Structure formats: structure tokens, C-alpha cells
Amino acid sequence: MSTYSLAEAQDSLWLARLRRFFRWLTTPYVFLSLIMVVVMFYLVIIPLWSMFVTTITVSELDLRVIPEASLGDMTSYHWRRMLIGQIAKIMTYEPLVNSLVISLGATFLALIMGGGMAWLVVRTDIPGKEIIHMLATVPYIMPSWTISLAWKVIFKSTSVSGGVPGLLQFFTGIAPPIWLSNGALPIIIACGLHYYTFYFLFVSAALLSIDSSLEEAGDLAGASRGRILRKITFPLVLPAIASGFIMTFSKTMGTFGGPNVLGVPVGYYTLSTMLRSNMGIGNYGDGFVTAIVLILFSMTTVMINQKLIGTRRSYETIGGRGFMAQKMKLRGWRPVFIVLIVIVQFSIAILPLAVLIYSTFMLRSGNYSLSNFTLHHWIGQSDLSINQGDPGILLNKAIYRAAWNSIRLSLWASFIGGVIGVILGYAIVKGRGTRLSKIVEQLAFIPYLIPGIAFGAVYISMFTKSFFGLPPLYGTFALLVVVSVAKHIPHSSRTGVSSMMQVGSELEEAAAISGANAWQRFKRIIFPLTSPGFVSAFLLNFITTMRELSLIILLVTPATAVLSSMTMRYIENGNEQQANAVIIVLIVLVLIGNAIISRFRGGSLKKGLESSK
Amino acid sequence: MPKPTIIIENVTKTFGDVVAVDDLSLEIDSGQFITLLGPSGCGKTTLLRCISGLEEPDNGEIVIADKIVFSRKKGISLPPGQRDLGLVFQNYALWPHMTVYKNITFALEIQKMSKEDMDQRVKESLAQVQMDGYEERYPREMSGGQQQRIALARMLAYRPSVFLLDEPLSNLDARLRIDMRTELKRLHHDSKATTVYVTHDQLEAMTMSTKIAVMKLGVVQQFDTPNQVYHYPSKLFVADFIGNPKINLLEGRVSGKDLVQVGKFHVPVNTKDASGEVVLGIRPEDIEISLEPVEHGEEFIAYSVLPSGADTTIIARQGEFELSVKEIGVSSIEMDQKIWLCFRKDTINLYDKQTENLINAG
Ligand SMILES: Nc1ncnc2c1ncn2[C@@H]1O[C@H](COP(=O)(O)OP(=O)(O)OP(=O)(O)O)[C@@H](O)[C@H]1O
Ligand SMILES: [Mg+2]
């Protein structure tokens, strides 16, 4: 008898365990977290691994140079060649140094300008704050290489072999030296001017959120102004500066447009342009080594930065609480700062666009007189002597197809990204404190550490062949959607998390008590309440994807070309005016999209927005 | 339909190192209104959430209406929706994107009730909380008190047989709170639903409950009627926690049959067969004051006099010795006046100093 009941007890113990496990598994946040872990593995971890494997595997191309090897063998050939071989210097080390120089330079420039301007706007009595604020966000709607293109129009020079004069040379007769027309300095300036927006937004939010009583307390304690700045203000804005640093640095490390426009023509290569040129000739082994070097460097920098600052999630934007701080009187310095700001903002937000538009009306590049004026690049019929016979871009079918691709891609990527963001937000917030939630959060952060162009490279390695049940996606439009969604997961999830945080957990619990199952709770409670977050994630993703280049440049084919990749193709063909016209079209589309989506957000969703407060 | 009994057996719930509910057992009879009372952080909310199924205990068993809703041993845990209970949250948790009507019909829609029936239910439940005509309002368009009523109506509408209420009145102002107390008691009386009510307001607990469970650190200290809890607190903690002004706790030692020595004087107490170190618990209203020397009276000085309208609290001192005394109505005693205090033997509770348990019960 005793043996019997013992067996029964064992049995029910297992049954109980099984039931508990099953219940855990079907808890919505657990279930969703697990799905997300799988998705992240598919989208990030496995591609990274497969890229690494490619670098140590003998490919068909390698058979010619490693005769004794056979296909699929393991080899250290690519790593040796790229890191210690004869060509290592030009293939890896010089581009690496160039990338670091550009990233640090641009980050520093952006810091000075963005931080300085934020301080002026928030803390001093400078006039015209609204306009400054508005103009400061203009770079956000421009593709990152817009300023590079404009720089090219102005400063290009006959000092470069085969070069034509730019605006400056045309009107002054002086040919700008190469260091001014191409290479490190122009790239740093172009990128720095573009990315200063992040610094401006982060630092001004942080400055706004500082309770001025903190500083006043310092004042009362008899501390000097400089001491207060150093001991109180600076530590408080440090996280914002760190966020700006990570963002700008990792973006410039992976940026392709600027270095391609201003560096490549004079043989000034960065890791990103070198990666492209290796991939372009089908040398994946070498290319992936470059990509891995790029990833490792930008990862370590970001991590060192975070160690130093000590906040893991310092890339989080700090919400402004809006205290009215004592405004500092600029007095005699006021005109100086006003002139400075006008110059800076004019040359970032207005001049580049004006110059680009102007250049599109010039029939032949390098001649800026009225006699050269034409509408050919916009509406001209095909003429074999111009633009290889392409008609004006408003008559060009390829442009319409690319524009449609851009829009389609952005809509898909933003929609899927928004949904994933909501799901990730739910999984992370509901699971707060559990190990699973931490894992999901960390996985979602990884794409942030991988520079854009390298992220694209990762996807080539994975999707050229059929992979874990997925068809070979290379060359398809779907691949562009996948890569755009994956790259923006960190942002989507942050938006998802912050909008979930605003939905008190009792709201869902109340629904559970009322007998609603998981899907009903999602549909009726969670989704409606997080929809404002969904819309802003959508908007953000839409704009970013529209003007994305680095991420997809390695993955587009003629059939899936988007507007941003068209500009690069035209530039590389030497059709500068055509490229400039396309970028204007791109910017106009972004503006229209922005207007439509914000209208949507302000209209029918207004009620949802208000009531979810 | 008979209302369910709730049986909680050896339930434990921990959060990391914190033991929020500690091996707790409680039996709640059908149709009772019981209150979980205790200081902040003692595990009241956690226990309520365990009953509701929003939290899964680490151990133990919970039975509602003869149905096991949770059992660690059997691996069972019914989802909240299948436990036939309603919960009102401390912050109401009304869905901000739905009108009152939608808030109330949410549960009914899930039960696939017909439109006419739903309209009927909404009308009824709004009438019960005196909020007729508010169907189309959004939660943000109502005051806290009104939202509170809607939260109640939302629960009443689907007629659960167990009500769980987590400090439902704590966000209301004092006046409204008294009104709502009356209504809640009435609602319970009418519906006879078995009710578990969480509060840390002892007056609320005293006035509303059939039984009070006084909790401390996740453990029920005493589970009894309000009268018993007030007059015969079974533990020093309960004696100290219940009552306003606070009970007088005097340390002393048993000095003879029915006599305890406290400081210099001897207090007559029903000592049963206790000996050694003890603590006396004397309610302020159980001490008699006289303005002249009386037999068995101890001389004190009125250190402070605190009138509150209906009664007056007098803080009496004798050396370092301090007692609160409550007198009905307005007192004529003035500060620094000499007064004589008498203790009533049969009203004094005696606690073992070591175990802190009541030793002269009954
Ligand atoms: N989700 C949670 N995670 C971690 N600790 C928790 C959690 N919920 C409760 N606790 C802890 O468990 C203990 C009991 O909390 P509980 O909310 O049940 O107290 P309470 O009696 O309702 O208090 P109050 O009167 O303040 O509402 C507290 O120490 C609390 O910090
Ligand atoms: Mg509580």
C-alpha cells in the first residue's frame, strides 16, 4: 500500500510541476518575451555569428588564392590578410584611423555646437528661441549626407585631379586646396553639423529639467558661478552629453554617405567605404573582417563611455520638467552670440538646401552662370550627352519606382517596428525585475551597438542562402524591411517601454479580474492606451527609414533601389545635379509624410492621447 | 444562492528577500465582511492579490466556494477571471479611454450579455452607487469620489459573489469617506457577498466589519470580531495598534494574588496564574478620574488636557510615569491640576512580557 501511494505522490508532483511550467509559459509577458528572444536571435545574434563564420571559411573566390584548400574548409586567410598582411595597412588600419578621426572630430564638433546652443537657448536671454529651436531640428529631416553634397557643390576644386570648379572657385577664381574640398576636415564638418541636433535636443532637455533651486542652493552656499557650473550643472547634464556622444559616435562610425561623397574621390577611405568597396567586388571574406573590426570598435567605445558615465541606459532621453531657471544676461556678448547662431543655423539649415536646389538648375557641372541655367535635370527629355541619357527626374520612371520603394519601405518598417515596439515594451515592463525581462532588454539594445553599414553587411551573409526555414532573401524588398525593422528595434523598444510605463498595471489587472483573456486585454486595454506611443514610434521610424542609406546601401539591387541609394548611384556616375535633385525630392517627401502623420496623431487619435494621460 | 466561504491555508508569498505573506491561514465564512488591518507594508494588498489570482503564492492553498483556486501541491492556479470575484483597486483603475458605460459593460461583454440586459445592469449598478446618468462621462471628467463610485459600480454590475476592496476610501476626503462607509456597509448588507476589505484605518475596520484580521509582517495576529479585538487584544501588538488615543501599556511584575506592581504602586489585576514580568494594557476610557483623593486612587498631575468635542484626553503624569485618560464630554480639569486615578480590575488586560500574549483572557 505504501509503495502505491508513494508512486501516486511522485506522479502528482510531476503533474503539478508540469502545470506550473505550462502556466508560466502561457503568461502573456513570458510568452511574448520568449518570442522576442527568438526573433532577436534570428535578426541579430545568428546573422552576426554567420558573418563571423564566413570570414573563416574558404569560399569559391578564395580557392584561387589558397590552392591547397577546398571549399568550406576553415581558414585564417582573411584575418591574416586584413590584419597583418601587406595590404593590412591600406585595407584596415588607415580606414580605421580615418573612421576614428572622423567620428571623434564630428562628435566633438557636435558637442560644442549642440551643447553651446542648448545652453544659450535654455539659460540665457538670447532672443528668437522658438526659431532657433525649430531650425535646430531641420537636420533631422535631411538625409545625413545632404550637407556633404552641398559642401561638394561649394568647395569642389580643380586641385583634385579631374575635378571641376565649385561655387567658390567659380566666383573667386581660387581653387580650394584638397584638404578643404575633400577628406577628413569636410567630412567632420558635414557630419558634425548634421548630428549636432542630438546634442542640442538632449542637452536642452536636461538643462530644462534641472531645478534651478539646486543651483540657487549653491548660490546661497556662497559658491562661485564657475564652481556651480562645474559641481552642480555639469554632473546633471552629463548623462545627456553621454547620450549624445554614444548616438553621434556610433552613427558617424557607421555612416556611409558623407565619406563616400567627400572621401572616396580622393582615396580617403573609412571603414564604411572600404567595407562597401570590398563587398562591391564580391569579396565577402575581406569585407566581413572590416565589418567586424568596425563593430568591435564602435561597441568598445560605447561601452567604455557607458562605464565612465556609469549609467547603462544613458542613451535614454531625459524628459524635461520645465523649471524656469534664472536666465543669464549676455549683455555685451549678446550680438556676438546672435551673429554666431545666425551663421551656424544658416549654414546648416538653409544654405545647403539653397545650394543644392541652385545646382540642379545648372546644365553642366562647374559653371554657375545664368547662361548655364536649365530645367533639364528636372523635366528634360532624354539626351544622350547628359546624365547618360536619363530624362529629368520628374519624368524618370526609375525615380518614381525608387520613391515608391522608399515610401513602401518606410511604411512597412515603421508599422512592423511600432508593433514590435509595443510588444517589447509590454514584455519588458511586465517582466520588470525578472531575468527574462533583462535578457530581452539587452538583446533589444544590441542593434544600437552595430554601425549602420556593418548591420547591412551582417544581413548579406545570412540571407544569401536559405536559412533556418527562411527563403534566401537577398535582393528582395522584404530584406530591406527586415533590416530596417531590426536596426531600429532599440528605439522602438524604448518608445514601447516608456508608453507602457504610463499604463498602470492595475488597468490590465482590472480587465483580468473582469474575465478578459490575454488577447482581449491587449486589444481593448493595452493597444488603445499605448497607441500614442505607437504613433510616435511610427513617425520616428518613418522619417529615419526614408532617409536611411548606410544601412541598406549594401542590400539594394536596381529593382529595390530607394531614393537615398539613387542619390549615391548618381553621384558615383558623376551626375551631381541629378543626385541633388533626388535629395530635394526625398526631403520634400519626408516633410509631407511628417505632416500627414502628425495630422493623424493630432486628429482622430487626439482623444486617445488625452485620455491616456 | 449561498455566498462562498474562503479558506486560505498556509499561504506564503515572498518578493526576493521580503516575505510579504508568511504561512498565513484564514477562514472567512459565507457572507462575512472581514477587514485586513495593519500597518503599511504588512502584506494586506499582497494577500488580497493572492486571493484574486493576480499574484501567485509561493506556497499553500486557497479555496473559494469549495473550489480549489490555488494549490501549490496540485499545481493549480485559476486565472482571476474564473474565480467569480470583483476587485476595487486603491486608485480605482478605471480605463481612461472608455466611458463609464463602457467601463461597466466590459465584463458583461465578455460574458456575451445582450445589449438590453447590459443597459439594465448599467442602470441598476449606477443607481446602487447613486451615479445615475453618468453613462457617457470619461473617468477624467469626474471627481475622485465619483470615480470611486464608478469603480464600485463596475464591480457590482457583473455580480461577483466575492468582493475584494483594497483601501477603496483612502483617496477620499474625510467627509466623503464617512458617506461611502455607510454606503458600502449598505451594499454589503444588500448583496451579502463575502467581502474582504483592506484598510489601515482602524476606525473603518471597527465600524464596518464582522471580523477583523490584524496583520503584522505577513502574519495574522488576531482574527476576531471588532469588539473582541478592541476589548481583548490577544497580543501586545494588537493592543497597541488598535484604539485612539492609544492604549496605556505599563510594565510591571506580579506581586501577589491579583496584584501587579508597576513602579511604586500596585494595580489590582485579574492575574489568573501568571507570575514574573508582565505588561498591563489599560484603555484610556477604563480609568476613572476624580478631583479629590479616593480609596485606591493614585495621585497624578494633569500634564496636558486635549479636548476633542465629544471627549477629552488627559495626559496624566506621576514622575516619569505617563498615562492617557479619556473622559466623556468636556472636562473641567485644568493643566497642572492634581487628579486621582482609579483602575478597574476587570478591564485590565495582562500580557506576558516575553511572549507578548494575553494571559488573563476570558
Ligand atoms: N511586486 C512587488 N515586488 C517586490 N516587493 C513587493 C511587491 N509587492 C509588495 N512588496 C513588498 O511586500 C511587502 C508587503 O506589501 P503590501 O503591498 O502587501 O503591503 P500593504 O500591507 O498593502 O501596505 P500598504 O498599507 O502600504 O498598502 C512590502 O514590504 C512590499 O515592499
Ligand atoms: Mg496596500
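Predicted model only: the values in this text are computed from it and were never measured.

### A short note on the overall build of chain B
Step number 1: Counting its regular elements, chain B contains eight helices and 21 strands.
Step number 2: Oriented by its inertia axes, the alpha-carbon framework of chain B measures out at about 75 × 50 × 35 Å.
Step number 3: Here chain B, with 362 residues, has 54% of them falling under the buried criterion.
Step number 4: Taking contacts inside chain B between residues at least 6 apart in sequence as the whole, the part at least 24 apart equals 63%.
Step number 5: In the structure as shown, chain B presents an accessible area of about 16400 Å², 49% of it carried by carbon and sulfur atoms.
Step number 6: Measuring between centres, the 40 positive side-chain charges of chain B sit 5 Å from its 51 negative side-chain charges.

### Describing the overall build of chain A
Step number 1: For chain A, the count of helices and strands is 27 helices and zero strands.
Step number 2: A compact globule built from 613 residues should have a C-alpha radius of gyration of about 25 Å, and chain A, at 27 Å, falls within 12% of that.
Step number 3: Taking the principal axes of its C-alpha atoms as reference, chain A extends roughly 105 × 80 × 50 Å.
Step number 4: The proportion of buried residues among the 613 residues of chain A is 53%.
Step number 5: For chain A, the proportion of contacts with a sequence separation of at least 24, taken over those separated by at least 6, is 74%.
Step number 6: Working note: accessible area of chain A is about 27100 Å², and carbon and sulfur atoms make up 69% of it.

### Section: the interface of chain B and chain A
Step number 1: Listed as interface residues are 32 residues of chain B and, on the opposing side, 23 residues of chain A.
Step number 2: Summed over both partners, the interface of chain B with chain A comes to about 2400 Å²; 58% of that surface belongs to carbon and sulfur atoms.
Step number 3: Applying the counting criterion to the chain B and chain A interface returns three salt bridges.
Step number 4: The salt bridge involving A:Arg23 is made with B:Glu56; its shortest N-O contact spans 2.7 Å.
Step number 5: Between chain B and chain A we count 10 residue pairs in polar contact (both at pLDDT 80 or more) in total.
Step number 6: Elements that contribute at least two residues to the side of chain B that touches chain A include exactly helix H1 (44-52), strand E6 (76-77), strand E7 (85-88) and helix H2 (100-110) of chain B.
Step number 7: Considering each element in turn, the side of chain B that touches chain A owes the most residues, five residues, to H2(B).
Step number 8: Classifying every residue of the side of chain B that touches chain A by side-chain character gives 16 nonpolar, seven polar and nine charged.

### Re the site of ligand 1
All names here are of chain B.
Step number 1: Neighbouring ligand 1 are Phe 15, Val 18, Ala 20, Ser 40, Gly 41, Cys 42, Gly 43, Lys 44, Thr 45, Thr 46, Glu 167 and His 200.
Step number 2: The separation between an oxygen atom of ligand 1 and a polar side-chain atom of Glu 167 is 3.3 Å.
Step number 3: Within the side chain of His 200, one N or O atom sits 3.4 Å away from an oxygen atom of ligand 1.
Step number 4: Compared with its free state, where it exposes 630 Å², ligand 1 has 61% of that area covered by protein.
Step number 5: Mapped by element, the contributors of at least two residues to the shell around ligand 1 are strand E2 (18-28) and H1.
Step number 6: Here the element with the most residues in the shell around ligand 1 is H1; it accounts for three residues.
Step number 7: Taken together, the residues of the shell around ligand 1 sort by class into four nonpolar, six polar and two charged.

### Details of the sheet that holds strand E3 (residues 33-37) of chain B
All names here are of chain B.
Step number 1: Taken in spatial order, the six strands of this open sheet run E7-E8-E9-E3-E10-E11, and their pairing is mixed. The two strands at the open ends of the sheet, each matched to only one other strand, are E7 and strand E11 (219-224). Mean inter-strand twist for the sheet, computed between neighbouring axes without regard to direction, equals 15 degrees.
Step number 2: As paired strands, E3 and strand E9 (residues 194-199) are joined by five bridges and run parallel to one another. Bridging across to E9, Thr 35 finds its partner in Tyr 197.

### Some words on the pattern of salt bridges
Residue and element names in this part refer to chain B.
Step number 1: Scanning all chains against the criterion turns up 33 salt bridges over all chains.
Step number 2: Ionic pairing is found between Asp 58 and Lys 13, a salt bridge with its closest N-O pair at 4.0 Å. Highlighted residues: Asp 58 in the loop between H1 and strand E4 (59-64) and Lys 13 in strand E1 (residues 6-15), separated in sequence by 45 residues.
Step number 3: Residue Asp 58 is classed as partly exposed on the basis of its relative accessible area, which comes to 27%.
Step number 4: According to the relative accessible area criterion, Lys 13 is buried, its value standing at 9%.
Step number 5: Put simply, Lys 353 and Glu 277 hold a salt bridge, and the shortest N to O gap is 3.9 Å. Of this pair, Lys 353 sits in the segment after strand E21 (349-352) while Glu 277 sits in strand E15 (residues 277-282), and the two are 76 residues apart along the sequence.
Step number 6: The class for Lys 353 is partly exposed, based on a relative accessible area of 32%.
Step number 7: The partly exposed category is assigned to Glu 277, whose relative accessible area is 38%.

### Description of the environment of A:Met51
Residue and element names in this part refer to chain A.
Step number 1: Among the structural elements, Met 51 can be located in helix H2 (residues 28-55).
Step number 2: Assessed through its relative accessible area of 1%, Met 51 is described here as buried.
Step number 3: For Met 51 and Thr 434, which are 383 residues apart along the polypeptide, the C-alpha to C-alpha distance reads 31 Å.
Step number 4: Leaving out residues up to four positions away in the same chain, Met 51 has contacts with Phe 288, Ala 291, Ile 292, Ile 295, Ala 457, Val 458 and Ser 461.

### What to know about the confidence of the model for chain A
Residue and element names in this part refer to chain A.
Step number 1: Taken over all residues, the pLDDT of chain A has a mean of 83, while the share at 70 or more is 91%.
Step number 2: Here residues 312-323 is modelled with pLDDT under 50, and outside its nearest four sequence neighbours on either side it reaches 34 contacts, counting other chains as well.
Step number 3: Throughout residues 602-613 the model reports pLDDT below 50, and contacts reaching past four residues in sequence, or to other chains, amount to 14 contacts.

### Considering the nonpolar core
Step number 1: Within the largest apolar cluster, 161 residues are counted, with the highest numbers of intra-cluster contacts made by A:Tyr196, A:Tyr459, A:Ile552, A:Leu554 and A:Leu563.
Step number 2: When residues of this core are assigned to their parent elements, the largest contribution, 14 residues, is made by helix H10 (residues 184-209) of chain A.
Step number 3: In this structure A:Tyr459 touches A:Leu43, A:Leu479, A:Val482, A:Val483, A:Ala486 and A:Leu555, once residues within four positions along its chain are discounted.
Step number 4: Among the nonpolar cores identified, the runner-up in size contains 78 residues, and A:Val503, A:Leu529, B:Val21 and B:Leu24 belong to it.

### Focus: the domain arrangement of chain B
Residue and element names in this part refer to chain B.
Step number 1: Considered domain by domain, chain B is made up of domain 1 (4-241) and domain 2 (248-360).
Step number 2: Between the C-alpha centres of domain 1 and domain 2 the distance comes to 39 Å.
Step number 3: Contact with domain 1, which involves 10 residues of that partner, is made by nine residues of domain 2.
Step number 4: Taken over both partners, the interface formed by domain 1 and domain 2 buries close to 940 Å², and the fraction arising from carbon and sulfur atoms is 49%.
Step number 5: The tally of links from domain 1 across to domain 2 stands at zero salt bridges.
Step number 6: In this assembly, domain 1 and domain 2 are joined by six residue pairs in polar contact (both at pLDDT 80 or more).
Step number 7: Those elements that place two or more of their residues in the side of domain 1 that touches domain 2 are helix H7 (226-231) and helix H8 (236-241).
Step number 8: Split into classes, the residues belonging to the side of domain 1 that touches domain 2 amount to six nonpolar, two polar and two charged.

### A short note on the packing of helix H20 (residues 452-463) of chain A against helix H21 (residues 477-487) of chain A
Each pair of packed helices can be summarised by the angle the axes make with each other and by the distance between the axes.
Residue and element names in this part refer to chain A.
Step number 1: Packing of H20 against H21 leaves a shortest axis separation of 11 Å and a crossing angle of 135 degrees. As the angle between them shows, H20 and H21 are arranged oblique. For the pair H20 and H21, the sense of crossing is right-handed. Every residue of H21 that contacts H20 at Gly 452, Phe 455, Gly 456, Tyr 459 and Phe 463 is listed here: Leu 479, Val 482, Val 483, Ala 486 and Lys 487.
Step number 2: A per-class count over the contact of H20 with H21 returns seven nonpolar, two polar and one charged.

### Comments concerning the sheet that holds E1(B)
All names here are of chain B.
Step number 1: One open sheet holds the five strands; their spatial order is E2-E1-E4-E5-E6, and the pairing between them is antiparallel. The sheet is open, and its two borders are formed by E2 and E6, each paired with just one other strand.
Step number 2: Pairing analysis gives five bridges linking E1 to E4, with the strands arranged antiparallel. The residue bridging Thr 12 from the neighbouring strand is Asn 59, located in E4.
Step number 3: Contacts from H1 reach E1, E2 and E4, with the element oriented near 120 degrees to E1.

### Structural notes on the packing of helix H22 (residues 489-501) of chain A against helix H24 (residues 518-546) of chain A
Residues and elements named next belong to chain A.
Step number 1: At a minimum axis separation of 9 Å, H22 and H24 run at an interaxial angle of 150 degrees. With respect to their mutual orientation, H22 and H24 come out roughly antiparallel. Classified by chirality, the crossing of H24 by H22 is right-handed. Contact residues: Ser 492, Thr 495, Ser 499 and Met 500 in H22; Ile 526, Thr 530, Gly 533, Ser 536, Ala 537 and Asn 541 in H24.

Scoring rules and cut-offs
Residues numbered from 1 in each chain as written. Chains lettered and ligands numbered in written order. Predicted model: local features only at pLDDT ≥ 70, side-chain atom pairs only at ≥ 80, totals over all residues. Heavy atoms only, no water. Helix = DSSP H or I, 4+ residues; strand = E, 2+ residues; numbered from the N terminus. Buried < 20%, exposed > 50% of the residue type's maximum accessible area, 1.4 Å probe, protein only. Contact = heavy atoms within 4.5 Å. Areas by Shrake-Rupley, 256 points an atom, 1.4 Å probe, with all protein chains shown as cover. Lys, Arg positive; Asp, Glu negative; His and termini not counted. Charge placed at Lys NZ, Arg CZ, Asp CG, Glu CD. Rg over C-alpha atoms; globule rule 2.2 N^0.38 Å. Buried area = accessible area lost by both parts, 1.4 Å probe. Salt bridge = Lys/Arg side-chain N within 4 Å of Asp/Glu carboxyl O. Polar contact = N/O pair within 3.5 Å; in protein donor to acceptor, adjacent residues only side chain to side chain. Nonpolar A, V, L, I, M, F, W, Y, C, P; charged D, E, K, R; others polar. Near = heavy atom within 4 Å. Pairing = 2+ DSSP bridges. Axes fitted to C-alpha atoms, helices over the stretch in contact; angles between N-to-C directions. pLDDT = per-residue confidence, 0-100. Core = buried A, V, L, I, M, F, W, Y, C linked by side-chain atoms within 4.5 Å. Domains from an automatic or database assignment. Parallel < 35°, antiparallel > 145°, perpendicular 65-115°, else oblique. Left-handed = near helix turned anticlockwise from the far one by under 90°.

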